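Observations on the three-dimensional arrangement
Given next are the chains, with one letter for each unit.
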Amino acid sequence: MSSLKFGTSGLRGLVTDLVGQPSFAYAAAFFASVGREAGASREVVIGRDLRNSSAGIAATVATAAAAAGLTAIDCGPLPTPALALEARRRGSCAVMVTGSHIPEDRNGLKFYRADGEITKADEAAILAALGEVTTGAPLPPAVPARQEPDAIARFRRRYLDAFNADMLSGQKIAVYQQSSVARDLLIDVLAGFGANAVPIGRSELFVPIDTEAHRPEDVACIRDSMASGDFDALVTTDGDADRPLIADGTGRIVRGDVLGLITARYLGADTVVVPVTAGSAIERAGGFQRVLRTKVGSPFVIAGMEQAARDGAKVICGFEANGGFLLGSDCPVGAKVLQGLPTRDAVLPILATLAAVREAATPLADLVVALDVGETASNRLPNVAAERSSALLRQLTDETFRRDFLRPVGMPQAVDEQDGVRIGLDGERTIHFRASGNAPELRCYAEAKSAEAAEDLVRWGLAAAAAVMDRNAE
């Protein structure tokens, strides 16, 4: 059985299941369905991250494009949002070869239409077209793609042209380069705004940086790098640079949804769209005219931003708990305008957060404290079959069961059933249960005033959920 499947961020699976015929077949299915809207030029732009397997898979995608009658444009290694920007500029579709933050023995494909990320309906169309693709047959002869070296430069200019050239002057920023495809771009952009950007930790081996579930070795590396007190902040991204990671001057990593909150406030957004897993401080501390919550995944956030535009919102953005920031409309920046880019981006929240720190003339840690965002925690029960988690979630939608279930920890208040069951508790706390979209597991998220209280709530939640599911199975 193949490990390849669509999740919240494109197709992913083991490299051994993706290289060769499978990557050709999925790319061909995309070109035969969604990619038919490739524009008058009949082009597809292709990018990749820095994994060892990505260049070969990108070449296979280019061969599939040629077989579909498209001109393949190779943009080389670059951030996913830079590829999306290039696709919008050309009016073409795009394929990004990346596994984002997952280990190097895995990889994936992200598909884009000219107007942005594919939707869940587009995923279904690709899977339907996959059945029409001949599998097992030898691949056609390789067709070299046309080179486009300037796409990443245009992405750099997107920011340098919109913001004031001195907006980061006086700041000393550690850039944890590891194997991010944006590791050199970050140095260039931060220096372009006057910061003293210092590269650290460059790696020729792939480092699976997850901006939401931090590995202990990454936490230790960041803490040790900031121990000298020489830096105002540390910045980095996941593998394909669509999710940021920022640590304050003490080495403490700032939550992704807090970065989104700071960025949205800095940009003057009137409407923000976030998944249900984002912290409730967005409503409490944001000062936004409207906050829309969606299911987890950028396609749902994008659909929410599109609805906000139809409802008349002016400056619209979206962000996720992992820090990925989406600009759903053009945004005034002083006398200039930053063009909308409705796909996850790591560069914009890094720049906006650092600029907000300089504007406030306060350390990042103090800026976060002033927002009173509380603390969050999350964990999971692995190897939970879908029918077991679904039964629990159905029970939690019943008011009587929910009250009895939560009696040991508090009184349930507001309930959101968009993606699992998210329950507000007394004492400005929340607990949220949902089934993973990528694996057979039940996830639990919590918010509380302190990190210890949030972690305790998650521990209780997983133990209580396991007990109910065991009773259900008897």
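Owing to the predicted nature of the structure, the values given are computational and were not obtained by experimental measurement.

Each pair of packed helices gets described by two things: the angle between the helix axes and the distance between those axes. It is the contact of helix α7 (residues 183-192) with helix α12 (residues 347-360), at a shortest axis distance of 12 Å, that shows an interaxial angle of 35°. Considering how the two elements wind past one another, α7 and α12 form a crossing that is right-handed. Facing Leu185, Leu186, Val189 and Leu190 of α7, the residues of α12 in contact are Val347, Ile350, Leu351 and Leu354. The residue inventory of the contact of α7 with α12, partitioned by class, reads eight nonpolar, no polar and no charged.

Our next topic: the packing of aromatic side chains. Geometry of an aromatic ring pair is reported as the spacing of the ring centres plus the angle between the planes. The final tally for this structure, using the stated rule, is ten aromatic pairs. For the ring pair Phe155 and Tyr159, a centre distance of 5.4 Å and an interplane angle of 85° mean the geometry is edge-to-face. Placement of the pair is Phe155 and Tyr159 together in helix α6 (residues 151-160), with a separation of four residues, close to one helical turn. Just as Phe155 is buried, Tyr159 falls in that class too. Ring geometry for Phe405 and Phe433: centres 6.0 Å apart, planes at 70°, overall edge-to-face. Separated by 28 residues along the polypeptide, Phe405 in helix α15 (residues 399-406) and Phe433 in strand β23 (residues 429-435) bring together distant segments of the chain. Taken together through their ring pairs, the aromatic side chains of Phe6, Tyr26, Phe30, Phe31 and Phe111 make up a single cluster. The cationic tip of Arg51 hangs over the ring face of Phe206; the distance from NZ or CZ to the ring centre is 4.1 Å.

According to UniProt, the feature "domain: Alpha-D-phosphohexomutase alpha/beta/alpha" (unreviewed entry) maps to residues 4-130, 155-251 and 256-368 in the numbering used here. Secondary structure across residues 155-251 divides into 28% helix and 24% strand, with the first and last C-alpha atoms of the span separated by 29 Å.

Attention now moves to the nonpolar core. Ranked by internal contacts, the top residues of the largest apolar core, which has 72 residues, are Tyr159, Phe163, Leu168, Leu190, Phe193 and Leu351. With eight residues, the top contributor of residues to this core is α12. Apart from residues lying up to four places away in sequence, Leu168 is in contact with Leu190, Phe193, Gly194, Ala195, Leu351, Leu354, Ala355 and Arg358.

Time to look at the pattern of salt bridges. Think of it this way: side chains of opposite charge can pair up when their charged atoms draw near. A full pass over the atoms with the stated rule returns 39 salt bridges. A salt bridge links Asp240 to Lys110, with the shortest nitrogen-to-oxygen separation between them at 2.7 Å. Here Asp240, found in the loop between β11 (233-237) and β12 (244-247), pairs with Lys110, found in strand β6 (residues 106-113); they are 130 residues apart in sequence, far enough to count as distant. Classification of Asp240 as buried rests on a relative accessible area of 0%. Taking the shortest distance from any N to any O, the salt bridge between Glu375 and Arg252 comes out at 2.8 Å. Here Glu375 is found in strand β20 (residues 375-381), whereas its partner Arg252 is found in the loop between β12 and α9 (256-267), with 123 residues between them in sequence.

Basis of the calculations
- Residues numbered from 1 in each chain as written.
- Predicted model: local features only at pLDDT ≥ 70, side-chain atom pairs only at ≥ 80, totals over all residues.
- Heavy atoms only, no water.
- Axes fitted to C-alpha atoms, helices over the stretch in contact; angles between N-to-C directions.
- Helix = DSSP H or I, 4+ residues; strand = E, 2+ residues; numbered from the N terminus.
- Left-handed = near helix turned anticlockwise from the far one by under 90°.
- Contact = heavy atoms within 4.5 Å.
- Nonpolar A, V, L, I, M, F, W, Y, C, P; charged D, E, K, R; others polar.
- Phe/Tyr/Trp six-rings, centres within 6.5 Å; stacked < 30°, edge-to-face > 60°.
- Buried < 20%, exposed > 50% of the residue type's maximum accessible area, 1.4 Å probe, protein only.
- Lys NZ or Arg CZ within 6 Å of the ring centre and 35° of its normal.
- UniProt positions renumbered as here; feature names shortened; annotations may be inferred.
- Core = buried A, V, L, I, M, F, W, Y, C linked by side-chain atoms within 4.5 Å.
- Salt bridge = Lys/Arg side-chain N within 4 Å of Asp/Glu carboxyl O.

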